Amino acid sequence: MSLHAQDDPDLRRAQEERLRAVWKPPEGLFLRWTDTNNNRVGVWYTLTAFGFMLFAGVLALIMRTQLAVPDNDLVSANTFNQLFTLHGSMMMFLFAVPMFEAVSIILLPQLLAARDLPFPRLSAFGYWSFLIGGVFVSGSIFFNAAPDGGWFMYPPLTTRTDLSGLGADIWMLGLSFIEVSSVAAAVELIVGVLKCRPPGMRLNLMPLYAWYILVVAVMILFAFPPLIAGDVLFEMERLLGWPFFDAARGGDPLLWQHLFWIFGHPEVYIVFLPSIALFAMLIPTFAQRHLLGYPWIVLAAVGTAFLSFGLWVHHMFATGLPKISLAFFSAASEAVAIPTGIQIFAFIATLWAGKVKWSTPLLYASGSLAIFVVGGLTGVMVAVAPFDWQAHDTYFVVAHLHYVLIGGTLLPLFGGLYYYWPLITGKKLSDRMGRIAFWIMFVGANLAFFPMHLSGLEGMPRRVFTYPAELGIGGLNLASTIGAYLFAAGVAIVCLDLALSPTRPKGKRNPWNAGTLEWLALPDDEDWGIRSVPLIESRYPIWDQKDFVKKVDEGRFFLPDAEEGRRETIITTVLDARPIAVIRLGTPSWKPMLTAIVLGAVFILTTYHLYMAALFAAFATLAMVLWWLWTGTAEIPEKPCKAIGHGLEVPLYLSGPSSSGWWAMFITMMADATAFSGLVFGYYFFWTIHAEFPPPAFPGPGMLWPMVALALTLVGWAGTIATREVHARGKVTLARTLLVVSLLATFASLFAGLAGPWQYAMNPEAHVYPAIVWTLAIWTAVHAGIGAIMQGYALARSLAGRMTPTYDADIRNITVYQHFLALTALVAYATIGLFPAVA
């Protein structure tokens with residue numbers, strides 16, 4: 001359809017009515033269980049994470065009340081352990097990471113002028129997974145079953161079931177389930193940024209918020225999976241007695257620390273960079289000019305992400321590591337201050353060069369930077385190994401961590417809240433209440449955490465539930481407690497401001513006079529988003545492109561109508577954002593919620609050792625996933641192409657590297673490969689700490705069966721590639737035959753991979769060597785089973801006429817999985833069969 005037809009006002013009104021009919025949200029503020037609109041899901045995602053933050057804050061206030069005076073007995077030592085473990089776990093896993101994902105799910109479609117992100121059902125699945133897992137973990141405190149080993153859960157105290165109760169399993173399995181939602185959100189965000197940008201928005205024209213979210217989502221792919229690998233080893237020791245962290249049987253508790261902090265320190269930047277992203281959006285608005293140093297900020301964000309993965313050992317300086325390791329990680333820990341400083345100075349320079357309009361959001365941004373800089377300076381101090389030896393596990397570290405997180409995460413989110421609330425609701429929050437809340441929180445944060453530096457240097461250790469008056473730190477602790485209650489009062493004022501928001505009138509459009517795309521939204525806009533998808537020529541198109549808002553509103557750009565009555569958005573190329581297709585988006589469905597419920601049941605039932613019920617839930621999860629995929633993906637459209645305006649026609653179906661589904665599979669497998677690398681790291685870690693590995697008393701799985709398993713896997717991989725090529729040439733019968741052969745080979749590799757450890761009767765409870773061999777073999781065998789299911793799924797789709805030589809996304813996507821399966825098998829079977837070779 002030519003866009004010149006939009007000159008007819010009657011036609012334009014009819015098209016708007018069609019859009020409203022397609023995209024109309026549920027009535028009121030109630031999230032229907034079937035809702036899959038990213039805007040609606042994102043709002044509830046945000047509110048849920050905010051609720052977990054408030055609950056974790058209440059736990060912190062109880063702890064501070066206990067520590068207000070010496071020799072207090074408000075709570076017992078066991079209760080205090082549960083409080084600080086759950087507080088830290090909730091703030092990290094149930095607030096900081098989910099909050100940035102939730103906010104991004106709301107903002108990114110509007111920043112990118114997309115009608116929605118590419119996988120709205122995946123976002124809904126992530127939300128329900130987060131909600132179920134969060135309620136399971138946080139609710140354990142009411143049954144005196146909360147984890148009590150710290151948010152880091154160091155073995156062997158937590159892996160020995162006689163020293164830790166059910167709380168360790170609740171923490172491990174509950175948070176593992178939540179990590180699934182984090183990875184799901186990362187896939188959605190990465191594909192959304194790369195493939196759903198508006199025409200013309202090249203990578204160097206992307207809003208900085210999109211750049212930051214892309215960097216952080218990629219970080220999740222490499223940071224969370226090692227923790228998932230550690231979780232696997234942790235639970236296999238607790239549930240099965242396999243001795244990965246038991247030194248008496250060849251294990252080492254330091255392995256857990258490595259896997260945990262490979263996740264734990266990048267996570268600090270995973271929660272910090274999205275807050276910096278909010279600054280990157282609001283500072284140009286209130287300076288009323290383009291942000292200075294755009295390319296340097298992008299490079300600094302990428303550099304921060306890269307360096308963050310070289311810092312984890314600075315949490316382990318007191319464990320007796322070699323001096324060369326201490327020197328390397330100390331230098332890396334100090335070097336990360338450089339890209340962080342670049343970003344902060346760019347923001348300051350922008351304000352200096354602009355005409356600053358002071359506002360409540362900018363007040364939060366300025367105050368949070370001041371607090372964060374103090375935390376950064378103490379971070380440089382603890383990066384120096386000799387100082388860290390003195391301050392390690394004292395309240396000095398508690399003070400440093402909270403200065404970083406409050407300045408780098410919490411206060412920026414409040415600033416973003418005041419900035420973006422008009423975008424979400426059409427109503428501004430109270431400037432007066434916001435400023436009062438800020439100053440109370442600013443004073444409270446400094447009063448709460450600055451004295452902790454001093455109490456830490458006086459020798460107060462972390463994680464103690466009381467202390468004697470003779471230490472002379474009662475006054476410092478009382479000041480910290482008063483500061484904590486002040487900070488809580490400031491948060492309460494913000495909550496009151498939010499509660500009063502519905503009583504206020506709607507504001508005007510773009511109340512801050514911002515220049516980026518999200519402010520195209522009208523205060524009373526429907527959830528279908530902007531009127532037409534614009535052509536982008538600037539980083540701040542509202543400021544720079546003539547009559548830009550008017551042209552968008554009049555439908556003079558792309559995809560101005562929902563001609564077929566379907567949810568649609570444009571797919572563009574990764575580098576230069578050329579339109580290449582229109583994607584049909586997921587509609588409201590029960591499937592994401594039901595899939596999250598049955599998958600959650602697998603984790604929860606395993607926690608209580610109900611293994612048969614958990615196995616049944618696992619099969620139910622598989623059935624739900626197959627139903628979801630069969631009915632909701634790779635739909636063959638009713639016509640090959642669609643007109644999107646300006647004489648352009650693009651396909652309604654894509655497969656291969658151009659499609660969003662291919663990218664989603666590739667990104668998911670990157671996360672999977674990273675988790676697998678954590679297990680391989682465990683194998684070679686044990687090899688380095690033992691004089692003989694494997695020990696002579698524990699024979700290995702031999703070379704025969706691992707090599708047979710590898711050969712079968714490679715046959716399945718090669719057969720799948722051949723199937724894809726033959727199928728594309730229209731030889732469907734031959735393709736199906738090849739797919740059957742590939743399926744049988746892949747399925748056979750499952751049993752061959754387990755045959756070696758089984759034949760040699762390797763007892764995984766006796767020593768860590770057979771345990772880690774079994775783990776690698778089981779991991780690879782399970783993935784072979786999943787690969788066989790995928791091949792069977794593609795065969796069924798072909799037989800049902802849902803996969804043809806033209807519409808072949810299924811076979812192309814499972815080929816990506818087969819690439820990673822072949823690589824996994826090569827590494828795993830070469831490791832256990834050839835390095836070292838033991839007959």
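Residues numbered from 1 in each chain as written. Predicted model: local features only at pLDDT ≥ 70, side-chain atom pairs only at ≥ 80, totals over all residues. Heavy atoms only, no water.

Some points on the packing of aromatic side chains
Here's step 1: This model, assessed by the stated rule, comprises 58 aromatic pairs.
Here's step 2: With centroids separated by 6.0 Å and ring planes inclined at 85 degrees, the aromatic side chains of F93 and W171 adopt a geometry described as edge-to-face. Highlighted residues: F93 in helix α3 (residues 77-111) and W171 in helix α5 (residues 166-195), separated in sequence by 78 residues.
Here's step 3: Three or more aromatic residues joined by ring pairs make a cluster, and in this case those are F93, W151, W171, F224, F234, F245, W256, F260, W261 and F263.
Here's step 4: The ring of Y294 has R539 sitting right over it, with the charged end atom 3.6 Å from the ring centre. (Phe/Tyr/Trp six-rings, centres within 6.5 Å; stacked < 30°, edge-to-face > 60°. Helix = DSSP H or I, 4+ residues; strand = E, 2+ residues; numbered from the N terminus. Lys NZ or Arg CZ within 6 Å of the ring centre and 35° of its normal.)

Section: the nonpolar core
Here's step 1: Membership of the largest hydrophobic core comes to 230 residues, with the highest contact counts inside it found for Y209, Y212, F244 and F414.
Here's step 2: Here the element with the most residues in this core is helix α7 (residues 254-287); it accounts for 23 residues.
Here's step 3: Contact partners of Y212, with chain neighbours within four places excluded, come to L273, I276, A277, A280, I297, A301, Q343 and F347. (Core = buried A, V, L, I, M, F, W, Y, C linked by side-chain atoms within 4.5 Å. Buried < 20%, exposed > 50% of the residue type's maximum accessible area, 1.4 Å probe, protein only. Contact = heavy atoms within 4.5 Å.)

Observations concerning the pattern of salt bridges
Here's step 1: Counted by the stated rule, this structure contains 20 salt bridges.
Here's step 2: Linking D393 and R463 is a salt bridge whose minimum nitrogen-to-oxygen distance equals 2.8 Å. You can see D393 sitting in the loop between α12 (385-391) and α13 (395-425) and its partner R463 sitting in the loop between α14 (431-457) and α15 (474-500), a full 70 residues away along the chain.
Here's step 3: Residue D393 is classed as partly exposed on the basis of its relative accessible area, which comes to 31%.
Here's step 4: Residue classification places R463 among the partly exposed residues on the basis of a relative accessible area of 26%.
Here's step 5: Across the pair D808 and R812 runs a salt bridge, and its minimum N-O distance is 2.9 Å.
Here's step 6: Note on R812: relative accessible area 24%, which makes it partly exposed.
Here's step 7: The structure contains a network of salt bridges with shared partners spanning E564, E568, R584, E638, K639 and K642. (Salt bridge = Lys/Arg side-chain N within 4 Å of Asp/Glu carboxyl O.)

Quick word on helix α18 (residues 591-607)
Here's step 1: With 17 residues, α18 extends 24 Å between its outermost C-alpha atoms, agreeing within 8% with the 24 Å of an ideal straight helix rising 1.5 Å per residue.
Here's step 2: Among the 17 residues of α18, 12 are classified as buried, and the element is accordingly described as predominantly covered.
Here's step 3: By the burial criterion, the buried members of α18 are K591, P592, M593, T595, A596, V598, L599, G600, V602, F603, T606 and T607.
Here's step 4: Where α18 is buried, its residues contact α4 (120-138), α5, α6 (208-240) and α19 (611-632).
Here's step 5: Two residues or fewer after α18 comes H609, characterised by a positive phi angle close to 65 degrees. (Expected span 1.5 Å × (residues − 1).)

Side note on unusual backbone geometry
Here's step 1: Omega for the peptide link from P155 to P156 comes to 5 degrees, which places this bond in the cis form.
Here's step 2: Summarising the element assignment, P156 is placed in the loop between α4 and α5.
Here's step 3: In this structure, L559 is a non-glycine residue whose phi angle is positive, near 50 degrees.
Here's step 4: One can find L559 in the loop between α17 (548-553) and β1 (568-572).
Here's step 5: Taking relative accessible area as the criterion, L559 reaches 1% and is therefore assigned buried.

Some details on empty space enclosed by the protein
Here's step 1: Under the definition given, this model contains nine cavities of 30 Å³ or more.
Here's step 2: Put simply, the largest cavity is a space of about 110 Å³.
Here's step 3: What lines the largest cavity is a set of 13 residues, and nearest its centre among them are A280, M281, P284, T516 and Y540.
Here's step 4: Considering each element in turn, the lining of the largest cavity owes the most residues, four residues, to α7. (1 Å grid on protein atoms, 1.4 Å probe; cavity = no way out; pocket = protein on both sides within 12 Å on 5 of 7 lines; lining within 4 Å. Points joined across faces, edges and corners; volume = space filled by probe spheres on them.)

Things to note about the pairing of strand β4 (residues 648-651)
Here's step 1: Examined bridge by bridge, strand β3 (residues 641-645) and β4 share four bridges and lie antiparallel to one another. Within β4, the residue paired with G645 across the bridge is L648.
Here's step 2: Between the end of β3 and the start of β4, which pair antiparallel, lie two residues, with H646 showing a positive phi angle near 55 degrees. (Pairing = 2+ DSSP bridges.)

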